[in-house]
Amino acid sequence: MTLAPESTATTKAAAPSAAVRSRVLVPLRFPDGFEAAAEVLTFSGLADGKEHLLLALGEWERVLHGAARGGAGPLVRLHSECLTGDVFGSQRCDCGPQLREAVERIAAEGGFLLYLRQEGRGIGLYSKLDAYALQDGGLDTYAANLALGHGEDERDYTAAAQMLEAMGAGTLRLLSNNPDKAAQLTGLGLEVSGQIATGVHASAANLRYLAAKRDHTGHTLVLPSDAGPVAGAPGATAVPTHDDMLTRAQGLVAGLRERAAETEELRRIPDATMAELHAAEVFHMLSPKGVGGFGMGLETYVEVVRRLARGCASTAWSAGHLIEHVWMLARWPQKAQDEVFANGPAPLAAATGAPPGLARKVPGGYSISGRWTFASGVMHAQWALLAAQHGDVRLQCLVPLADVELLDVWQTAGLRGTGSNDIQAADLFIPEHRTLDWELLAGEDNPGSRLHADPLIHTPMGALLNMVAPAAALGSAEYALELFRELIMVRKVKHTVENRQADSPLAQVRYAHAYGLVATARLHWQEAVRVVSAAHARGASTMTEPDRAQYRLSLALSGEASAEAVRLVMLGSGGSVHRLAHPLQRIQRDVNVLMNHAALTRDPVLEQAGRGLLGLGFTVPSF
């Protein structure tokens, strides 16, 4: 998690003690049907004398116990009352959607939502509406407050600190885009172990408001207008085109490069990057149109992964699998889909079947146990898709991530930022509707194919499962070639007579060789995509063994050429590129790990591909 930013405000003394005054259980129901149970607490002794509320959600007591043993603490949201947004659904702000999001996320992880009586950033309801009128005249939200004689932001979080201390939450994770909240809580003596960005709830009506928060007070917001069109905004379309999505992905590359070292250090995607990915709506790509997704095709999906890899291979890997897993969820029967898509078109899930766990039939479902490795996407997921063996049947089990134990074991030489940790569970009950025969799920005629008209839902699951690693390797090699060109155009090599490396015939030959290898990798990769797309276009059940052999072979050869290009670049780039601060050493380590993925492991792919191309039949049916 990202540490809270250092405060620039005057350090405050620890808040005086407050006490819990009353508790009452309140069932919550939001307009979209989402429900949660909250224990609502009131307090006495609050510094400002206002009637603030604390909503305790999820397994908050368990999380507090964990924090006492050194854990990160409960997830906490400081939400300022907004009558217009929270009650009437005003689109001039993002308060209503943030409140809805916060309740769900905190209920899933355990923690507190503090509903603070601070209308209009502390200026009151009438003044806020007066400020709206001034904003209609051209002022931004902060300038409007000043014009009314108020401060830009009059909120003081002393009462919030008192409430959290009364609950024993001295250490917490803060769900907020606002750096001032973390700074104030830290100044009041609380430990903010991480600040987690909310989603970006942009609309045509609130873009100026959100931009002011981003530009004026440093809110961690990446607006859709920065990466692509906003649904509902002037000139935008509800579903972006193929080119729109590629433009959005390309717009993220610079930020991914800037945060690549941070991604490695955190061993997961940084919160700022996740906010950008959500803003660009990349997780909507393969989600069916029937649930609000884009229903896009294979070509768009793999091109986006390839472009993301030009910025950061770990991000491309994680995002690629999270996108793909939305598509996997869309293959399930209606009852399971009603659960996972209840809160939007892009539920995030980790998926792993290595090795499969054991499933035991029990009344109403199955009990599963196991330890699953390489759970890509798990650091950003709400669900887990776990393989479990029941006799001769391999099941996939859909599990809320809160129900399993996450083991922090992802210490690797490359792809460090993917956070592909292990998942563990013992005798975990899975209801019947959240288990499915893997063969049924993976096939063309899966349950979801009867619910959604999107063509890609009919594509066999294996066709996409092999696409992420080659796309990430190719994008990484393209980035390496770009860096190599920049380097040799300025680098002076010791013990040579040229003023720069590019003037050397040997460097020219090396660059041409690397360039050709990247072109070869790209052509093989494009051929694999063409084979899968063409087979699908012919209709159901047309991915023949020669088709499968051809596309798997092309992917493997693409990866091999990408890795060789990176190796040549490294050999010609001098010793300084092996410093940890240089991106080329990271690219090399990432590609080395990618080459060990099943899609790119040379010998078994060549063996099975040869059998398929010769008509001898695969000896590994899952190939």
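What you see is a predicted model, and the numbers here were worked out from it, not measured in a lab.

Student: Tell me what's going on with the overall build of the protein, and back it up with residues and numbers.
Tutor: Secondary structure assignment for the protein yields 23 helices and 14 strands. In terms of overall dimensions, the protein is globule-like: its C-alpha atoms have a radius of gyration of 26 Å, near the 25 Å expected for 623 residues. Principal axes of the C-alpha set define a box for the protein whose edges measure 80 × 75 × 50 Å. The burial tally for the protein puts 55% of its 623 residues in the buried class. Residue pairs at least 24 apart in sequence account for 68% of intrachain contacts in the protein once pairs closer than 6 positions are excluded.

Student: Describe the sheet that holds strand β3 (residues 53-57), naming the residues involved and giving the relevant values.
Tutor: Two pairing modes exist for strands in a sheet, parallel and antiparallel, and in both the strands are linked by backbone hydrogen bonds. Here 7 strands make up an open sheet; going across it, the order is β1-β2-β3-β5-β4-β6-β7 and the pairing mixed. Only two strands of the sheet have a single partner each, and these edge strands are β1 (19-29) and β7 (191-196). On average, adjacent strands in this sheet sit at an angle of 30° to one another, irrespective of strand direction. With 6 bridges connecting them, strand β4 (residues 75-80) and strand β5 (residues 111-116) associate as parallel partners. By the bridge assignment for β5, Val76 is matched with Phe112. Relative to the sheet, helix α7 (residues 158-166) contacts β2 (35-44), β3, β4, β5 and β6 (171-175), its axis offset from that of β5 by approximately 150°. Docked against the sheet, helix α8 (residues 179-187) engages β4, β6 and β7, running at close to 170° with respect to β7.

Student: A description of the packing of aromatic side chains should follow, citing residues and the corresponding values.
Tutor: Aromatic ring pairs are defined here through the distance separating the ring centres and the angle between the ring planes. For the structure shown, the criterion picks out 6 aromatic pairs. Through pairs of rings, three or more aromatic residues link up here, namely Phe484, Tyr511 and Tyr515. Note that Arg100 overlies the ring of Phe30, its terminal NZ or CZ placed 5.8 Å from the centroid. Directly above the aromatic system of Tyr142 lies the positively charged group of Arg121, at a separation of 4.3 Å from the ring centroid.

Student: Hey, could you go over a nonpolar patch on the surface for me, with residue numbers and the actual values?
Tutor: Taken together, the side chains of Leu83, Val87 and Phe88 make up a nonpolar region of the molecular surface, amounting to roughly 310 Å² of accessible area. Inspection of the secondary structure puts Val87 in helix α2 (residues 83-87).

Student: Pulling in residues and values, what's your account of the packing of helix α11 (residues 242-258) against helix α14 (residues 298-309)?
Tutor: Helix-helix packing is characterised by the crossing angle of the two axes and by the distance between the axes. Between α11 and α14, the shortest axis-to-axis distance is 8 Å and the interhelical angle comes to 15°. As the angle between them shows, α11 and α14 are arranged roughly parallel. Crossing of α11 over α14 shows right-handed handedness. Between α11, through His242, Met245, Leu246, Ala249, Gln250, Leu252, Val253 and Leu256, and α14, the contact on the second element is made entirely by Glu299, Thr300, Glu303, Val304, Arg307 and Leu308. Its residues assigned to classes, the contact of α11 with α14 comprises 8 nonpolar, 3 polar and 3 charged.

Student: Break down the environment of Thr412 for me, citing the residues and quoting the values.
Tutor: In this structure, Thr412 sits in the loop between β12 (405-407) and β13 (422-431). For Thr412 and Thr263, which are 149 residues apart along the polypeptide, the C-alpha to C-alpha distance reads 13 Å. Within polar-contact distance, the side chain of Thr412 engages the side chain of Trp410 at 3.5 Å.

Student: Describe the pattern of salt bridges, and please don't skip the residues or the numbers.
Tutor: Oppositely charged side chains can form a pair if their charged atoms are brought close together. Here the structure, examined in full by the defined rule, presents 31 salt bridges. Linking Glu276 and Arg259 is a salt bridge whose minimum nitrogen-to-oxygen distance equals 2.8 Å. Separated by 17 residues along the polypeptide, Glu276 in helix α13 (residues 271-279) and Arg259 in the loop between α11 and α12 (260-266) bring together distant segments of the chain. Given the relative accessible area of 14%, Arg259 is considered buried. Across the pair Glu560 and Arg602 runs a salt bridge whose closest N-O atoms are separated by 2.2 Å. Pair noted here: Glu560 is in helix α21 (residues 545-571) and Arg602 is in helix α23 (residues 602-614), with a separation of 42 residues, a long-range link. Here Glu560 falls in the partly exposed class, since its relative accessible area comes to 31%. Each of Glu303, Arg306, Arg307, Arg310, Glu478 and Arg522 takes part in salt bridges that share partners, so that together they form one network.

Student: Give a description of unusual backbone geometry that names residues and reports values.
Tutor: Each neighbour pair has its own omega, and for Ala354 with Pro355 the value is -15°, a cis peptide bond. Here Pro355 is to be found in strand β8 (residues 349-362). At Glu281, a position not held by glycine, the phi torsion is positive, near 60°. A positive phi angle is found at Asp427, which is not glycine, with a value near 50°.

Student: Mind laying out the packing of α14 against helix α15 (residues 313-329), listing which residues take part and the relevant values?
Tutor: Between α14 and α15, whose axes approach to 7 Å, the crossing angle comes to 160°. Viewed along their axes, α14 and α15 adopt a mutual orientation that is roughly antiparallel. Taken as a pair, α14 and α15 cross one another with a handedness that is right-handed. Across the interface between the two elements, Tyr301, Val305, Leu308 and Ala309 of α14 pack against Ala313, Ala316, Ala319, Gly320, Ile323 and Glu324 of α15.

Student: Talk me through the sheet that holds strand β9 (residues 365-372); I want residue IDs and the actual numbers.
Tutor: Ordered in space as β12-β13-β9-β8-β10-β11-β14, the 7 strands form an open sheet in which the pairing is mixed. The open sheet has two edge strands, β12 and β14 (435-437), and neither has a second partner. Direction aside, the axes of adjacent strands within the sheet are offset by 25° on average. Relative to strand β10 (residues 383-390), β8 runs parallel, the two sharing 6 bridges. The residue of β10 that forms the bridge with Leu358 is Gln389. α15 rests against β8, β10 and β11 (393-400) of the sheet, and its axis sits at about 35° to β8.

Student: Outline the confidence of the model for the protein, listing residues and values.
Tutor: A low pLDDT score tells you not to read the predicted coordinates there in detail. With 93% of its residues at a pLDDT of 70 or more, the protein has an overall mean of 89. Of the regions scoring below 50 in pLDDT, residues 1-11 engages in 21 contacts with residues more than four places distant in sequence or in other chains. For the stretch residues 225-237, pLDDT sits under 50, and the model shows 23 contacts to residues farther than four places along the chain or on other chains.

Definitions and cut-offs
- Residue positions are given per chain, counting from 1 as you read along its sequence in written order.
- Residue-level local features of this predicted model are given only where pLDDT is at least 70; pairs of side-chain atoms are given and counted only at 80 or more, and the full residue set underlies all totals for whole chains, interfaces and linings.
- Hydrogens and water molecules were not included; the side-chain quantities draw on all heavy atoms of the structure.
- Strands here are runs of E lasting at least two residues and helices are runs of H or I lasting at least four, both read from the DSSP assignment and numbered beginning at the N terminus.
- Here the globule rule reads 2.2 Å times residues to the power 0.38, and the radius of gyration is calculated from C-alpha atoms.
- Each residue's exposure class comes from its accessible area (1.4 Å probe, protein chains only) as a fraction of the maximum for that residue type: buried when under 20%, exposed when over 50%, partly exposed otherwise.
- Here, two residues are considered to be in contact whenever any of their heavy atoms come within 4.5 Å of each other.
- A pair of strands is labelled paired if DSSP reports no fewer than 2 bridges between them.
- Note on definitions: angles span 0 to 180 degrees between N-to-C directions of axes, and those axes are lines fitted to C-alpha atoms, for helices only across the stretch in contact.
- Aromatic pairing here means that ring centres of Phe, Tyr or Trp (its six-membered ring) are within 6.5 Å. Orientation follows from the plane angle: under 30 degrees is stacked, over 60 is edge-to-face, and everything else is tilted.
- A positively charged side chain is recorded as over a ring if its NZ (Lys) or CZ (Arg) lies within 6 Å of the ring centre. The angle to the ring normal must also be within 35 degrees.
- For patch detection, residues must exceed 30% relative accessible area and be free of salt bridges, and they are connected within 9 Å for like charges or within 5 Å for nonpolar side chains (Val, Leu, Ile, Met, Phe, Trp, Tyr).
- Computed with the Shrake-Rupley method and a 1.4 Å probe, the accessible areas treat only the protein chains shown as cover for residues.
- For this document, the term salt bridge refers to a Lys or Arg side-chain nitrogen within 4 Å of an Asp or Glu carboxyl oxygen.
- Reported orientations rely on four angle classes, namely roughly parallel under 35 degrees, roughly antiparallel over 145, roughly perpendicular from 65 to 115, and oblique for the rest.
- A crossing counts as left-handed when the near helix is turned anticlockwise from the far one by less than a right angle, and as right-handed when that turn is clockwise.
- Lys, Arg, Asp and Glu make up the charged group, whereas Ala, Val, Leu, Ile, Met, Phe, Trp, Tyr, Cys and Pro make up the nonpolar group; the residues left over, Gly among them, are polar.
- Polar contacts here mean pairs of N or O atoms no more than 3.5 Å apart (in protein, one a potential hydrogen donor and the other a potential acceptor; neighbouring residues in sequence count only if both atoms are side-chain atoms).
- Every residue gets a pLDDT, meaning the predictor's confidence in that residue, from 0 to 100.

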